[in-house]
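Letter by letter, the chains look like this.
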Amino acid sequence: MTAYIIRRLMYAIPIAFGVSIVCFALVYIAPGDPLQTILPEDASEETIMMVKKAYGFDKPIPVQYAIWLGKVLTGDFGISIATGRPVTDEIFKALGNTILLAAGAVLVAFTLAFSIGTIAGYRVGSFIDRAVTGIAVIGVSVPNYWLGIVLVIVFAVELNVLPATGMGPRGSDSFNIFEWSNFRHMIMPIVTLSLIPIGIIARTTRSAVAEVLNQDFVETLRAKGLMETEILLHVIKNSLPQVLAVMGLQFGYLMGGSILVETIFTWPGSGFLLNKAILTRDLPVLQGTILVLAIIFVATNLVIDLLQTAVDPRLKRS
């Protein structure tokens, strides 16, 4: 198992390296000059050269990449062009806020979707199965930004029972999830973010459980006289690798933070930070945020791969 983990880690390194190249290339792929937002229109040639030198744009591109990558490996993502603050501070502060939402959405979506998907898969063709299928179709069909706007109109504007935006009366710096005045700000964003994962995971779980139930070993278990609850545990275990793969993808989606959802609720997470960086052409923040989120996604897939192998050793690649 240790050798397998090391091999999977080695596979992840070139992926992370490729992601870093793409992130660095954003400076040159994006239209326009990245320094135009900080340079005055009447900047002299001398001033322009000084700024280029300060940000390292006066060096050849391979050298710029090597310098940038070296700094990134030490946790230095540069300085935000828009705010003048270290990008690392901006990213990890926003990422912490996104993790709060993602953790809530994972708890709600994964638990609910796996439960109803398992029941539906075990009772194929029943009323519960049809109801869960309907919920899954709604979950994957309704745009989450639309649901977010509807929730704001209903619960914030019409009923006035939940706040529409923000992270609490004292802002993100003093946010305390254990205080109701702060926690109520998370309810609508979590519900909005949970909708799509519920639909996708419930449908996948139902399909996986129904497929395993049709396998010959289930009949063998029944012939041996096992109780239905014991058979269900065997079915769930054999369904888990497929379900875990989908959960991993959805976890990466939640950790990335939905730009639209965080923008609708003015939640200062990574998606909201990305949105601001795009609008202000803050390329250091854009590069750093995308790189961190991509690395998280790669790490998530690595963990899921290892979990799948732990659940079903037959999946271990030779």
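Residues numbered from 1 in each chain as written. Predicted model: local features only at pLDDT ≥ 70, side-chain atom pairs only at ≥ 80, totals over all residues. Heavy atoms only, no water.

**As for the overall build of the chain**
Heads up, the condition is: Segments assigned H or I by DSSP are reported as helices when at least four residues long, segments assigned E as strands when at least two residues long, and all are numbered from the N terminus. In this scheme, a residue with accessible area under 20% of its type's maximum is buried, one over 50% is exposed, and one in between is partly exposed, where area comes from a 1.4 Å probe on protein chains only. Only heavy atoms matter for contacts: two residues are in contact if any of them lie within 4.5 Å across the pair. Using a 1.4 Å probe, the Shrake-Rupley method yields the accessible areas, and only the shown protein chains count as cover for residues. Positive charges come from Lys and Arg, negative ones from Asp and Glu, while His and the chain ends are left out of the count. Charge positions are represented by NZ for Lys, CZ for Arg, CG for Asp and CD for Glu.
The number of helices and strands found in the chain is 12 helices and 0 strands. Along the longest, intermediate and shortest principal axes, the C-alpha atoms of the chain span 85 × 60 × 35 Å. In the chain, which comprises 318 residues, the share counted as buried stands at 43%. Across the chain, every contact between residues at least 6 apart in sequence was considered, and the portion connecting residues at least 24 apart equals 72%. Surface exposure of the chain reaches about 16800 Å², of which carbon and sulfur atoms provide 68%. Charged side chains of the chain number 22 positive and 22 negative; the gap between the two group centres comes to 8 Å.

**Digging into the packing of helix H11 (residues 270-280) against helix H12 (residues 283-311)**
Keep this limit in mind: Every angle, taken between N-to-C directions, lies between 0 and 180 degrees, and every axis is a line fitted to C-alpha atoms, over only the stretch in contact when it is a helix. Geometric relationships in this document are graded by angle, where less than 35 degrees denotes roughly parallel, more than 145 denotes roughly antiparallel, 65 to 115 denotes roughly perpendicular, and other angles denote oblique. Each crossing is labelled by how the near helix is turned from the far one, with a counterclockwise turn of less than a right angle marking it left-handed and a clockwise turn marking it right-handed. Three classes are used, and their members are as follows: Ala, Val, Leu, Ile, Met, Phe, Trp, Tyr, Cys and Pro are nonpolar, Asp, Glu, Lys and Arg are charged, and the others, Gly among them, are polar.
Where H11 contacts H12, the two axes come as close as 9 Å, and the packing angle between them is 150 degrees. Considered as vectors, H11 and H12 are oriented roughly antiparallel to each other. Crossing of H11 over H12 shows left-handed handedness. In this structure, H11 uses Ser270, Leu273, Leu274, Ala277 and Ile278 to contact H12, whose residues at the interface are Val285, Leu286, Thr289, Ile290 and Leu293. Taken together, the residues of the contact of H11 with H12 break down into 8 nonpolar, 2 polar and no charged.

**Focus on the pattern of salt bridges**
In plain terms, the rule: Between Lys or Arg on one side and Asp or Glu on the other, a salt bridge is scored when a side-chain nitrogen of the former is within 4 Å of a carboxyl oxygen of the latter.
On inspection of all chains with the given rule, the structure shows 4 salt bridges. The partner of Asp129 in a salt bridge is Arg206, and the shortest N-O contact between them spans 2.5 Å. Of the two residues, Asp129 sits in helix H5 (residues 127-141) while Arg206 sits in helix H7 (residues 180-213), which places them 77 residues apart along the sequence. For Asp129, a relative accessible area of 4% gives the class buried. With a shortest N-O distance of 3.1 Å, Arg222 and Glu228 are connected by a salt bridge.

**Notes on the nonpolar core**
So the rule is basically this: By nonpolar core is meant a set of buried Ala, Val, Leu, Ile, Met, Phe, Trp, Tyr and Cys residues that side-chain atoms within 4.5 Å join together.
Counting 61 residues, the largest nonpolar core has Trp68, Phe77, Phe110, Met188, Leu254 and Leu291 as its most contacted members. For this core, the secondary structure elements donating two or more residues are helix H1 (2-29), helix H3 (61-73), helix H4 (87-122), helix H6 (144-158), H7, helix H9 (228-256), H11 and H12. When sequence neighbours within four positions are dropped, the list of residues in contact with Phe110 reads Ala105, Pro197, Ile201, Met247, Gln250, Phe251 and Leu254. By size, the runner-up hydrophobic cluster in this structure holds 8 residues, among which are Val212, Leu213, Val218 and Leu221.

**A closer look at unusual backbone geometry**
Even without a glycine there, the phi angle at Asn160 is positive, about 55 degrees. Assignment of secondary structure puts Asn160 in the loop between H6 and H7. Of the residues examined, Asn160 reaches a relative accessible area of 60% and is grouped as exposed. A positive phi angle, close to 50 degrees, is found at Thr266, a residue other than glycine. Turning to its location among the elements, Thr266 is positioned in the loop between helix H10 (259-264) and H11. Thr266 sits in the partly exposed class, given a relative accessible area of 35%.

**A few points about a nonpolar patch on the surface**
Note the threshold: For patch building, the residue pool is restricted to those with more than 30% relative accessible area and no salt bridge; the joining distance is 9 Å between like charges and 5 Å between nonpolar side chains (Val, Leu, Ile, Met, Phe, Trp, Tyr).
Side chains of Tyr145, Trp146, Ile149, Ile153, Val154, Phe155, Val157, Leu159, Val161 and Leu260 sit close together on the surface and give an oily, nonpolar patch of about 900 Å² of accessible area. Among the elements that make up the nonpolar patch, the one with the highest residue count is H6 (7 residues). When you line up the elements, Leu159 lands in the loop between H6 and H7.

**Observations regarding the packing of aromatic side chains**
Put simply, the rule reads: Under the pairing criterion, centres of Phe, Tyr and Trp rings, with the six-membered ring standing for Trp, must be within 6.5 Å; the plane angle then separates stacked pairs below 30 degrees from edge-to-face pairs above 60, leaving the rest tilted.
For the coordinates displayed, the defined rule picks out 6 aromatic pairs. Plain terms: the ring middles of Phe17 and Tyr65 are 6.2 Å apart, the flat faces sit at 75 degrees to each other, and that makes the pair edge-to-face. One end of the pair, Phe17, is in helix H1; the other, Tyr65, is in helix H3, with 48 residues separating them in the sequence. Summarising the aromatic geometry, the rings of Phe24 and Tyr65 are spaced 5.4 Å apart at their centres and angled 70 degrees between planes, so their arrangement reads as edge-to-face. With Phe24 in helix H1 and Tyr65 in helix H3, this residue pair connects regions lying 41 residues apart in the sequence. Tyr65 matches Phe24 in its accessibility class, with the two residues each being buried. In textbook terms, an aromatic cluster arises when at least three aromatic residues are bridged by ring pairs, as seen for Phe17, Phe24, Tyr65 and Trp68.

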